[in-house]
Structures are given as structure tokens and as C-alpha cells.
Amino acid sequence: MHKHRQIFLAVILFLAASFNKANAKEILTWQECIKEAARNHPDLIAAGEGIKQSEASKKITASTLYPQINSNLNASTARTAKDDAAGSTADSYTYGASATQLLFDGTKTMNSVKAASENIKASKQSFKFTSATVRFRLRSAFINLLKAQESLHITQEIYNIRRANLELITLRYESGLEHKGALLTAEADLADAKYGISQSQRSVEVAQRELVKEMGRQQLTDIEVKGDFEVKDTAKDKPDFESLAKNHPSLLQLIAQRNAADFSLKSAYANFSPTLTGPAGANTTGSRWPPQGDQW
């Protein structure tokens with residue numbers, strides 16, 4: 001009686017572990033996959049950082065148009081040596097500020113700023129193209145996993161049907177109502193169904209790895225997707241290829257890069273033009289601290 005109780009507890013623990021393992025599988029929808037890929041996909045992160053880099057470069061370039069301010073603080077002492085006597089010392093203190101404003105540089109800075117603006121547009125179009133590419137790969141991986149899951153369910157049903165068929169043929173063979181060839185055929189069909197399950201399980205694992213990669217995860221996790229196949233009949237609608245071509249992110253990115261190159265060329269030619277700046281400064285100098293002499 002005690003032995004039977006131990007066996008019963010072992011079975012209960014095994015079923016509980018199997019139930020927890022089955023519940024550990026993560027079920028994802030299409031929208032959840034999109035949100036995670038938007039946060040974690042390295043290509044999208046790199047494209048977003050490219051936009052920030054272009055914007056920072058524009059700010060650095062445009063800073064030349066604003067006054068350049070410098071401040072200074074100096075203190076010095078000098079000693080004059082004399083024969084057979086202590087030398088005299090002279091102290092000097094100076095502090096102040098100066099500013100320089102660019103007045104004219106042959107439109108060099110303005111063209112550089114325009115080139116930086118076009119580089120920002122190119123970075124944004126690059127982000128759009130990267131986003132579309134990631135969504136396409138993510139959608140393909142999602143559909144492949146959905147198909148692999150359905151294929152696994154079908155192969156499992158085929159296996160159950162062929163196993164039941166084998167049991168029936170075995171009983172008929174043992175009773176003399178079926179010949180051995182039918183029994184061997186049923187056994188071969190069951191082995192083929194078992195191989196189909198193994199093949200479908202490998203396909204599911206491959207599809208899981210692809211989807212996990214496109215979502216930006218670092219490690220493979222046991223996931224499952226849910227959704228329906230929705231096919232829209234758009235073959236009758238003729239797409240506007242000209243409009244699609246004009247608004248394609250790759251084309252817009254190349255146009256922005258071309259414009260940036262034109263502005264950069266104009267900025268380079270502006271180096272031959274004279275540069276006009278307006279300086280201003282104020283200093284206070286004296287031999288004692290704080291100094292009292294003002295200089296403008």
C-alpha cells in the first residue's frame with residue numbers, strides 16, 4: 001500500500017511539472033512582436049542614433065553663427081636682481097572677457113548648415129527604410145512560425161490517426177482477418193508520421209529562432225504566436241507605381257544626400273571668399289588685487 005502511494009505521488013509530481021512547463025511557453029500576438037522589435041532591434045536602434053548624430057552635427061555647425069565668447073584670468077610676478085642688494089618685485093593682475101561675432105564668410109557656414117539639414121532628412125529616410133525592412137522580415141518570421149505551429153498540429157493528428165489504425169490492424173492480424181503486409185504497411189505509416197512530427201518540431205524551432213532574432217532578443221525562448229491569416233484581394237486595384245517610386249524612402253534618402261553634397265560643394269567654394277568678424281573685449285589690469293584699470 002505504501003509503495004502504491006509513492007507511485008501515485010510521483011505521477012502527480014510529474015504531471016504538475018509537465019503542466020508548469022507547458023504554461024511556461026510565452027504566447028505572443030503580432031502587435032506585441034512589433035512593440036518589442038521597435039524597442040530592441042539593433043538595426044532600428046542604430047538608425048535612430050544616426051538621426052541623433054545628424055541633429056547634433058547640425059547644432060555644432062550652426063554654433064559658428066553665434067558669438068564666440070572667451071574669458072581670461074592672469075596673475076604674474078617679476079623680480080629684478082641688483083648687485084649686493086635684494087631685487088625689487090613687480091606684480092601684475094589681469095582678468096576680462098572677449099567675444100567674436102562672425103559677420104561674413106562668403107555663405108560658407110550657411111551652406112554647411114543647409115548640408116547638415118539635408119543629412120538629417122537622409123537619416124530620417126534611412127530610418128524609415130530600415131523600419132520597413134525590419135517589419136517585412138518580422139512579418140515573414142511571424143507567419144512562418146504560425147505555419148510551422150499549424151503543421152505540427154496536423155502531423156500530430158496524422159500520427160494519432162495512424163497509431164489508431166495500427167492498433168486496429170494489429171487486432172485484425174492477430175485474429176487472422178488481416179495479412180502481414182497490411183500490418184507492415186501500417187507500421188511504416190506510423191514511423192513516417194513520427195518522422196513528420198520530428199521534422200515539424202525542428203521547423204518550429206527554426207521559425208522561433210528567426211522570430212526571436214527579428215524581435216531583437218539575445219537568447220532563444222520557447223514562444224508561440226497566435227493570429228489568423230488575413231488575405232486581401234487587391235489584385236484588381238492597380239497600384240500607382242509612379243507615386244510609390246517618388247515617395248520611396250530609398251529614393252528620398254538619395255535625393256537628400258545629393259542636396260547635402262551640393263551644399264557642401266558650395267561651402268567649399270566659399271573658402272576663397274574673405275571672412276569678416278567683429279571682435280569686442282573688456283579687461284581689467286593692475287599691480288594689485290583686485291585690479292582697477294579698465295581696458296576696452
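Structural data are supplied above this passage.
The following refers to the structure shown.

Scoring rules and cut-offs
- Along each chain, numbering runs from 1 in the same order as the chain's sequence is written.
- For a predicted model such as this one, the threshold for reporting local features is a pLDDT of at least 70, and the threshold for listing and counting side-chain atom pairs is 80 or more; totals across whole chains, interfaces and linings nevertheless cover every residue.
- For side-chain calculations, the full set of non-hydrogen atoms in the structure is used, while hydrogens and water are omitted.
- Put simply, two rings from Phe, Tyr or Trp (the six-membered ring, in Trp's case) pair if the centres are within 6.5 Å, and we call them stacked under 30 degrees between planes, edge-to-face over 60, tilted for the rest.
- Our definition puts a charge over a ring when NZ of Lys or CZ of Arg is within 6 Å of the ring centre and also within 35 degrees of the ring normal.
- Buried Ala, Val, Leu, Ile, Met, Phe, Trp, Tyr and Cys residues form a nonpolar core when they are joined through side-chain atoms within 4.5 Å.
- For every residue, the accessible area (1.4 Å probe, protein chains only) is compared with the maximum for its type, and the residue is labelled buried under 20%, exposed over 50%, or partly exposed between those bounds.
- A run of DSSP states H or I qualifies as a helix once it reaches four residues; a run of E qualifies as a strand once it reaches two. Both are numbered from the N-terminal end.
- When checking whether two residues touch, look at their non-hydrogen atoms; a contact exists if any pair is within 4.5 Å.
- Two N or O atoms form a polar contact when they lie within 3.5 Å of each other; inside protein one atom must be a possible hydrogen donor and the other a possible acceptor, and for residues adjacent in sequence the pair counts only when both atoms belong to side chains.
- Patch criteria: residues need more than 30% relative accessible area and no salt bridge. Like-charged residues are merged within 9 Å; nonpolar side chains of Val, Leu, Ile, Met, Phe, Trp and Tyr are merged within 5 Å.
- Each accessible area is a Shrake-Rupley result for a 1.4 Å probe, and residues are judged covered by the shown protein chains and nothing else.
- One side-chain nitrogen of Lys or Arg within 4 Å of one carboxyl oxygen of Asp or Glu is enough to make a salt bridge.
- In this analysis, strands are considered paired if DSSP registers two or more bridges between them.
- Helix span, expected: 1.5 Å multiplied by one less than the number of residues in the helix.

1. Here we look at the packing of aromatic side chains
Applying the stated criterion across every chain yields a total of 3 aromatic pairs. One aromatic cluster is present, built from ring pairs that chain together Tyr-93, Tyr-95 and Trp-289. Sitting over the ring of Trp-30, Arg-139 keeps its end group 4.7 Å from the ring centre.

2. Focus: the nonpolar core
Membership of the largest hydrophobic core comes to 27 residues, with the highest contact counts inside it found for Cys-33, Leu-138, Leu-145, Leu-211, Met-215 and Ile-223. Those elements that place two or more of their residues in this core are helix 2 (30–40), helix 4 (108–174), helix 5 (180–215) and strand 4 (223–225). Not counting the four nearest positions on each side in its chain, Leu-145 is found in contact with Val-204, Ala-207, Gln-208, Leu-211, Ile-223 and Val-225.

3. Points about the side chain of Thr-155
Relative to the helices and strands, Thr-155 resides in helix 4. Here Leu-152 takes part through its backbone oxygen, which lies 2.7 Å from a polar atom of the side chain of Thr-155. Discounting chain neighbours no more than four positions away, the residues touching Thr-155 are Gly-196, Ile-197 and Ser-200.

4. Observations regarding a nonpolar patch on the surface
A cluster of nonpolar side chains, contributed by Leu-65, Tyr-66 and Met-110, occupies part of the molecular surface with about 300 Å² of accessible area. As for its placement among the helices and strands, Met-110 is situated in helix 4.

5. Considerations on the pairing of strand 5 (residues 276–286)
Inspection of the sheet shows strand 5 paired to strand 6 (residues 293–295) by 3 bridges, in the antiparallel sense. In the sheet register, Thr-284 faces strand 6, and the bridge partner there is Asp-294. What sits between strand 5 and strand 6 in their antiparallel hairpin is a turn of 6 residues.

6. Focus on helix 5
If you check helix 5, its first and last C-alpha atoms are 53 Å apart, about what 36 residues at 1.5 Å a residue would give, namely 52 Å. Where helix 5 ends, the next residue or the one after it, Gly-216, has phi of about 90 degrees, a positive value.

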